[in-house]
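Coordinates in review
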Amino acid sequence: MRWLYTAIIASSAILMRGEAIGQAVDVSLYGATPNSGHNSSPSVARAIDFALRHHRSKILFKRGRYDFWPQGAVIRHLFISNHDGVAERAVAISIEHVSGLELDGNGSEFVFHDSMLPIVISHSDRVTLRNFSIDYASPHIVQAKVVSKNDDFVDLHIDNPTSYRVKDDHLFILAEDDSPGSERVARGSVVFDPEAKWLVAGTGDNWEVDKTTAKRIDRDDVRLFGLTQQTRPGDVLILWNGDRPSPAILVSQSRHINISSAQVYSAQGMGLIAQYSEDIHLDRFNVILKPGSGRYISTTGDAVHFSNCRGQIIVENGLFENMLDDGINVHGSYLRIAEKLAPDTLVLEFGHPQTFGLPFAFSGDTLRFVQPKTLEPYAIAKVVEMHSLDDKHLWIRFTEALPSPVAVKDAVENLAWQPKVIYRNNRIRHNRARGALFGSQASTVVEDNFFDHLSGPALLFNADASDWFENAPARNVLVRHNRFLDTNMGPYGQGSISIIFPVEETKGGQYFNARNIRIEDNSFEQFQRLLLYAASVEGLSFRHNRILFNHDYPTDLRADAPVFSLSHTRCVDVSQNVLKSIDHASFPDSTLLSIKEPGTPIDTASCIDSFRPLNAK
């Protein structure tokens, strides 16, 4: 028994030493041993619990690899914007109800197994994460090389036999644990250039993979019947099921969050999503292909995503590549009026399943009512009380009776959650969808970025109250000193920069969804002719930009196709740009302008209120 007593004393001394080192808690003292291959989930949970209970301000990892499994992780029921509804999620690193905490990975690699949510910051203030990477042992992607094709079938070579199974004449994507029912049928595919690692120009999604039939030829080769479009021998075909169970990092109802020097190599959703949070700074936060992995895909969703945030959002010095969705998306939400219970009381409903369960509004917030088709606002009201009726419906009472035009099925937006956005010195490249989507009533500055070989538009400003129900007003936007190289390579949008809002004219055509957008002093190199597409904009300046049309890829557009396409616009200036083709022949701006609905020409006197200066701090 003496040895047992000695062991207990020694163990207690170790924990006391963990307390004695002051404000820092070393996770290795709780059993999280780097490079051991052991499950770090319960050990890290104990270390975080100790730090929170004893008001420690720092959590440290010794440099190395840490593996996390769902067993022993924190289990949470979470609603996550733009992700699938999941009953329970296993969270490896859960930071909840904290005020002042730093987590330093010291350059460590965090590897997650099965289906987990790596990091959650919830209901917290002043949290800093730095110096780590996130990866999954099984990214739930099938990566195949096109060996041959004919009119009936495509032969694929798949290097990783544990990533798929042929069953019931279909190709299934396997989960790591390969438990019964865990496999998912492949539903979507995209085609990548094997050398450049960007999507093949002119190709897009194929969401009918589940309608193909599969036959195993040998251990590593599969024949797919019915999948013949958009493939060439030598191309890399990426197959996935379209599910988004969890992001790599979730920030929810928190503020003053800083994340730096972090890499996301893979995620079963987005790299990072922040919702109903404020004042977030990402510096050198990268979503990238893991070096030496041979992969073509990083995350299955956006690199970074901000839903219903406010305060200051700064994203800088990042690299975002090879995502299966956008580089960055900033937006709010539209809800529908489901029922009028009283003159001052409504029931609102979420329109898209991936927004169910979120709070939407708080006491004191100002809501604005809009026409769902035109997005034109017509009334505002202040919230005095709100609670959830169920995952889809909210009960809201206002400070006074609502105006008579407020009607069932109209849309509602929250003016209290509109961030100021600075997006600078980042590079987005080789991803499936668009580069950047920005939507805020406040301000957005996009400067010194590189948009490199994107399948869709580099910049998209768009909103709707009928499909995704994303409230994304384009107001007070400055786009300057950026480089755009061969964007809009696929069928994901119109123009390298697209401003697409409803053009139904109301009030005599006096309402415009977008206002005060300046696109100035940028460099464009592209093979597509359409450069700027704008609908429902007042106050649009596209000046002092340099455009070079190359022949990098074939296009079916005629040589004199318009470069600017405008519809329902007013106060637009597209002058003083330098446009050249690869043979150095210059084009005057006026011959490249297509105005579908004539707008008021630029005039200093009549347009002075349409513009106001913006500068990044």
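A brief look at the structure comes next. Counting from 1, residues in each chain are numbered in the order their sequence is written. Only residues with pLDDT of at least 70 get local features here, since the model is predicted, and only at 80 or more are side-chain atom pairs given and counted; chain-wide, interface and lining totals rely on the full set of residues. Based on all heavy atoms of the structure, the side-chain values leave hydrogens and waters out of the count.

**Observations concerning the overall build of the protein chain**
- Counting its regular elements, the protein chain contains 3 helices and 49 strands.
- Sorting the 617 residues of the protein chain into buried and exposed places 58% on the buried side.
- Contacts spanning at least 24 positions in sequence make up 73% of the contacts within the protein chain whose residues lie at least 6 apart.
- Using a 1.4 Å probe, accessible areas were evaluated by the Shrake-Rupley method; residue-level cover was limited to the displayed protein chains. Carbon and sulfur atoms make up 51% of the accessible area of the protein chain, which amounts to about 24400 Å² in all. Put simply, DSSP H or I for four residues or longer makes a helix, DSSP E for two residues or longer makes a strand, and each gets a number counted from the N terminus. Three exposure classes are used, based on accessible area relative to the maximum for each residue type with a 1.4 Å probe and protein chains only: buried under 20%, partly exposed in between, and exposed over 50%. Between two residues, a contact is recorded if the distance between any of their heavy atoms is within 4.5 Å.

**Some details on the nonpolar core**
- Core analysis: the largest hydrophobic core is formed by 99 residues, its most contacted members being Ile93, Phe285 and Phe306.
- Apart from residues no more than four positions distant in its own chain, Phe285 is found in contact with Ile249, Ile259, Ala262, Val264, Gly271, Leu272, Ala303, Val304, Gly318, Leu319 and Phe320.
- Counting 30 residues, the second-largest nonpolar core is a separate cluster that includes Ile158, Leu171, Leu237 and Ile238. We define the nonpolar core as a collection of buried residues of types Ala, Val, Leu, Ile, Met, Phe, Trp, Tyr and Cys that are connected through side-chain atoms lying within 4.5 Å of one another.

**Overview of the side chain of Asn426**
- Assignment of secondary structure puts Asn426 in the loop between strand E32 (420-424) and strand E33 (427-429).
- For Asn426, the side chain forms a polar contact with the main-chain oxygen of Arg424, separated by 3.0 Å. Definition of a polar contact: a pair of N or O atoms within 3.5 Å, with one able to donate and the other able to accept a hydrogen when the atoms are protein atoms, and with sequence-neighbouring residues admitted only if both atoms are side-chain atoms.

**Concerning unusual backbone geometry**
- The phi dihedral of His481 is positive, around 60 degrees, even though this residue is not glycine.
- Checked against the element boundaries, His481 lands in the loop between strand E39 (475-480) and strand E40 (483-485).
- Residue His481 is classed as partly exposed on the basis of its relative accessible area, which comes to 42%.
- Not every positive phi belongs to a glycine, and Gln576 is a case in point at roughly 60 degrees.

**Regarding the packing of aromatic side chains**
- A pair of aromatic rings is counted whenever rings of Phe, Tyr or Trp (Trp by its six-membered ring) have centres within 6.5 Å, and the orientation is called stacked for planes under 30 degrees apart, edge-to-face for over 60 and tilted otherwise. Tallied over the entire structure, the rule returns 22 aromatic pairs.
- With a centroid separation of 6.1 Å and an interplanar angle of 75 degrees, the aromatic rings of Tyr66 and Phe110 are classed as edge-to-face. Of this pair, Tyr66 sits in strand E3 (residues 65-68) while Phe110 sits in strand E6 (residues 99-112), and the two are 44 residues apart along the sequence. Both residues of the pair, Tyr66 and Phe110, count as buried.
- Considering the side-chain rings of Phe369 and Tyr378, the 6.4 Å spacing of their centres and the 35 degrees angle between planes classify their relative orientation as tilted.
- A connected cluster of aromatic rings, assembled from ring pairs, spans Phe61, Tyr66, Phe68, Phe110, Phe112, Phe132 and Tyr136.
- Two conditions define a charge sitting above a ring: the NZ of Lys or the CZ of Arg must be within 6 Å of the ring centre, and it must be within 35 degrees of the ring normal. In this structure, Arg223 is placed above the aromatic ring of Phe153, and the distance from its NZ or CZ to the ring centre is 4.0 Å.
- Stacked on the ring of Trp417, the Lys or Arg Arg310 has its end atom at 3.9 Å from the ring centre.

**Brief notes about the sheet that holds strand E9 (residues 142-149)**
- For two strands to be treated as a pair, DSSP must find no fewer than two bridges joining them. Strand order across the open sheet formed by 6 strands is E14-E17-E9-E10-E16-E15, with antiparallel pairing between neighbours. The open sheet has two edge strands with one neighbour each: strand E14 (188-192) and strand E15 (213-216). Strand-to-strand twist in this sheet, taken as the mean axis angle between neighbours without regard to direction, amounts to 35 degrees.
- Sheet analysis places E15 next to strand E16 (residues 221-225), joined by 4 bridges and oriented antiparallel. Across the sheet, residue Arg216 finds its bridge partner in E16, namely Val222. Axis definition: a line fitted to C-alpha atoms, limited for helices to the stretch in contact. Angles are taken between N-to-C directions and run from 0 to 180 degrees.

**Notes on the pattern of salt bridges**
- The salt bridge definition used is simple: a Lys or Arg side-chain nitrogen within 4 Å of an Asp or Glu carboxyl oxygen. Across all of its chains, the model carries 36 salt bridges by this definition.
- In this structure, Arg219 engages Asp220 in a salt bridge whose closest nitrogen and oxygen atoms are separated by 3.1 Å.
- For Arg219, a relative accessible area of 54% translates into the label exposed.
- Overall, Asp220 belongs to the buried group, its relative accessible area being 19%.
- The salt bridge involving Glu321 is made with Arg429; its shortest N-O contact spans 2.7 Å.

**A word on the pairing of strand E46 (residues 564-573)**
- With 10 of its 10 residues buried, E46 lies for the most part within the structure.
- Here strand E44 (residues 532-543) pairs with E46 via 8 bridges, running parallel. Paired with Ala535 across the bridge in E46 is Ser567.

**Brief notes about the sheet that holds strand E11 (residues 164-167)**
- The antiparallel open sheet is built from 3 strands, whose spatial order is E11-E12-E13. The open sheet has two edge strands with one neighbour each: E11 and strand E13 (184-185).
- Of the pairings in the sheet, the one linking strand E12 (residues 170-173) to E13 comprises 2 bridges and is antiparallel in character. Opposite Phe172, over in E13, you have Val185 as the bridge partner.

**Points about the side chain of Asp220**
- With respect to the helices and strands, Asp220 occurs in the loop between E15 and E16.
- Within the structure, the side chain of Asp220 is placed 3.1 Å from the side chain of Arg219, a separation counted as a polar contact.
- Residues contacting Asp220, with those up to four places away along its chain left out, are Leu156, His157, Ile158, Asp159, Pro161 and Tyr164.

**Focus: helix H2 (residues 41-53)**
- One less than the number of residues in a helix, times 1.5 Å, gives the span that helix is expected to have. Helix length check: H2 (13 residues) gives 18 Å between terminal C-alpha atoms against 18 Å at 1.5 Å per residue, within 8%.
- Residues Ser41, Ser43, Val44, Ala47, Ile48, Phe50 and Ala51 constitute the buried set of H2.
- His55 occupies a position one or two residues after H2 and carries a positive phi of about 55 degrees.

**Quick word on the environment of Ala186**
- In this fold, Ala186 is placed in the loop between E13 and E14.
- By relative accessible area, which is 1% here, Ala186 ends up buried.
- Apart from the residues within four sequence positions on either side, Ala186 is in contact with Leu171, Phe172, Ile173, Val209, Asp210, Leu239 and Trp240.

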